[in-house]
Amino acid sequence: MILYDMIIVGAGTAGLTAAIYGTRAGKRVLILEQTTYGGQIINTPDIENYPGIAHVSGFEFAKGLYDQAISLGAVYKAEKVTGIADNGKVKIVKTADREYETSAVILATGAKNRPLGLDREQEMVGSGVSYCATCDGAFFRKMDVAVVGGGNTALEDAAFLSNYCNKVYVIHRRDQFRGDEKDVASLRDKENVKFVLDSVVTGILGFGMLEGILVKNVKSGATEELKVSGLFIAIGQQPDNQPFADLVELDDQGYIVADESCETGTPGIFAAGDCRTKSVRQLTTAAADGAVAALAAAKYME
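Note that this is a predicted model, so its numbers are computed, not measured. (Residues numbered from 1 in each chain as written. Predicted model: local features only at pLDDT ≥ 70, side-chain atom pairs only at ≥ 80, totals over all residues. Heavy atoms only, no water.)

1. Observations concerning the overall build of the protein
So the rule is basically this: Helix and strand assignments follow DSSP, with helices taken as H or I runs no shorter than four residues and strands as E runs no shorter than two, numbered in order from the N terminus. Radius of gyration: C-alpha atoms only; globule rule: 2.2 Å multiplied by the number of residues to the exponent 0.38. Think of it in three bands: residues with accessible area under 20% of the maximum for their type are buried, residues over 50% are exposed, and the middle band is partly exposed, with areas taken using a 1.4 Å probe on protein chains only.
Across its full length, the protein carries six helices and 17 strands. Radius of gyration (C-alpha) of the protein: 21 Å, near the 19 Å computed for a compact globule of 302 residues. A principal-axis box enclosing the C-alpha atoms of the protein has dimensions of 60 × 35 × 35 Å. Out of the 302 residues belonging to the protein, those deemed buried represent 50%.

2. Side note on the pairing of strand E9 (residues 144–148)
Counted only if it meets this: Whether two strands pair comes down to DSSP finding at least two bridges between them. Here the term right-handed applies to a crossover when the path leading from its first strand over the helix to its second strand runs clockwise, the strands being oriented away from the viewer.
Within E9, four of the five residues are buried, leaving the element largely enclosed by the surrounding structure. The pairing of E9 with strand E10 (residues 167–171) spans five bridges and is parallel. By the bridge assignment, Val147 is partnered in E10 with Val170. In terms of handedness, the path from E9 via helix H4 (residues 152–162) over to E10 forms a crossover that is right-handed. Direction of pairing for E9 relative to strand E15 (residues 230–233): parallel, over a ladder of four bridges. What sits directly across from Val147, in E15, is Phe232.

3. A closer look at the state of the cysteines
Inclusion rule: Here, two cysteine sulfur atoms that lie within 2.5 Å of each other are counted as a disulfide.
Evaluated as defined, the whole model comprises one disulfide. Between the sulfur atoms of Cys132 and its disulfide partner Cys135 the distance amounts to 2.2 Å. Given an S-S torsion of about 65°, the disulfide between Cys132 and Cys135 has right-handed geometry. Both residues of the pair, Cys132 and Cys135, count as buried.

4. Concerning the packing of aromatic side chains
Note the threshold: What counts as a ring pair is set by centres within 6.5 Å for rings of Phe, Tyr and Trp (its six-membered ring), and what kind of pair is set by the plane angle: stacked under 30 degrees, edge-to-face over 60, tilted for all other angles. Geometrically, a charge over a ring is one whose NZ (Lys) or CZ (Arg) sits within 6 Å of the ring centre while staying within 35 degrees of the ring normal.
Under the counting rule described, the total for this entry stands at nine aromatic pairs. Plain terms: the ring middles of Tyr37 and Tyr66 are 4.1 Å apart, the flat faces sit at 5° to each other, and that makes the pair stacked. Here Tyr37, found in the loop between strand E2 (29–32) and helix H2 (58–71), pairs with Tyr66, found in helix H2; they are 29 residues apart in sequence, far enough to count as distant. The exposure classification of Tyr37 matches that of Tyr66, with both residues buried. When the centroid spacing of 5.4 Å and the interplanar angle of 80° are considered together, the rings of Phe140 and Phe232 count as edge-to-face. Of this pair, Phe140 sits in the loop between helix H3 (133–136) and E9 while Phe232 sits in strand E15, and the two are 92 residues apart along the sequence. Phe232 carries the same exposure label as Phe140, and that label is buried. Among the aromatic side chains, those forming a connected cluster through ring pairs are Tyr37, Tyr66 and Tyr76. Taking the ring centre of Tyr300 as reference, the NZ or CZ of Lys89 above it sits at 4.5 Å.

5. Observations concerning the environment of Thr95
Rules: In this analysis, two residues are considered to be in contact whenever any of their non-hydrogen atoms come within 4.5 Å of each other. The definition of a polar contact used here is a pair of N or O atoms within 3.5 Å, where within protein one atom must be able to donate a hydrogen and the other to accept one, and adjacent residues in sequence count solely through side-chain atom pairs.
Mapped onto the fold, Thr95 is located in strand E5 (residues 90–95). Once residues lying within four places of it in the same chain are set aside, the contact partners of Thr95 are Leu32, Glu79, Lys80, Val81, Thr82 and Tyr100. At 3.1 Å, the side chain of Thr95 forms a polar contact with the backbone nitrogen of Asp97.

6. Overview of the side chain of Thr95
Residue classification places Thr95 among the buried residues on the basis of a relative accessible area of 8%. A distance of 2.7 Å separates the side chain of Thr95 from the side chain of Glu79, its partner in a polar contact.

7. Some points on the nonpolar core
Selection criterion: Only buried residues count toward a nonpolar core. Its members are Ala, Val, Leu, Ile, Met, Phe, Trp, Tyr and Cys residues joined through side-chain atoms within 4.5 Å.
Core analysis: the biggest nonpolar cluster contains 33 residues, and Ile8, Ala19, Ile106 and Phe270 have the highest contact counts within it. Going through the elements one at a time, strand E1 (2–9), helix H1 (13–24), E2, H2, strand E6 (99–107) and helix H6 (283–300) are the ones with two or more residues in this core. At seven residues, the largest contribution of residues to this core is made by H6. With near-sequence residues (within four places) excluded, Phe270 lies in contact with Ala104, Val105, Ile106, Leu107, Cys262, Glu263, Thr264, Ala293, Ala296, Ala297 and Tyr300. In terms of nonpolar packing, the next biggest core, distinct from the first, is built from 20 residues, Tyr4, Val9, Leu107 and Val248 among them.

Below, the structure written as structure tokens:
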């Protein structure tokens, strides 16, 4: 059994920030990540909405966090966490390879954007396909783009993009939106926004860069081609918290129930970043969560 003061599950922005604050608090910190460090942000070619940094690639941003955490003494291991046993003041974190003993655990597993499932969709991320309008929208100034989705996020993305783009298509598989009616009404008043309802995206056009999409009307069966330079997918996210369902409370969408304190209902277990219940999921809020969770975990150990 290998002993650490604090174990962080996930090496995205929240997890790496937690590692920085945890090590600075004098704790022995272990980061466990099943894939590679960085999280979703490594797919973003240019970040321009992080305070104090005008432009940086997602990869550079993530590497900076990782290098800082490691230089301060955090330990990083590429292992998938399969479960956590709560033995009161001692937690046992289990991976496929071994078990680790710790006093506090920070769950920073993030959330994956729900894809449409189109051919070449993942291949075109960063080349016209995006899951974050606030991250990438400014790159499509004076261009035609499409937003897919019917909830508040899709409506908010469309409103945001309408300030930059020449034309914004809002594509939804039904004729009614799940989002707030006031947001729908606001979009209807915009001359550069067009609703494409009862429709789904069935194909991506272009190689190297996005040149257009194929859209099928689910009622008539007719397919049309829309010439767009950007496709923004906003059909929800998928947290990966099921391995911890017996440890912490999850809401009906699978997010860990924790407020701005990042404390869960289980003493010694904290949640940070996109994996927890929250209304805004951005780099800044993930970093803030990481700092809050690490300091709360350090205080818990006093």
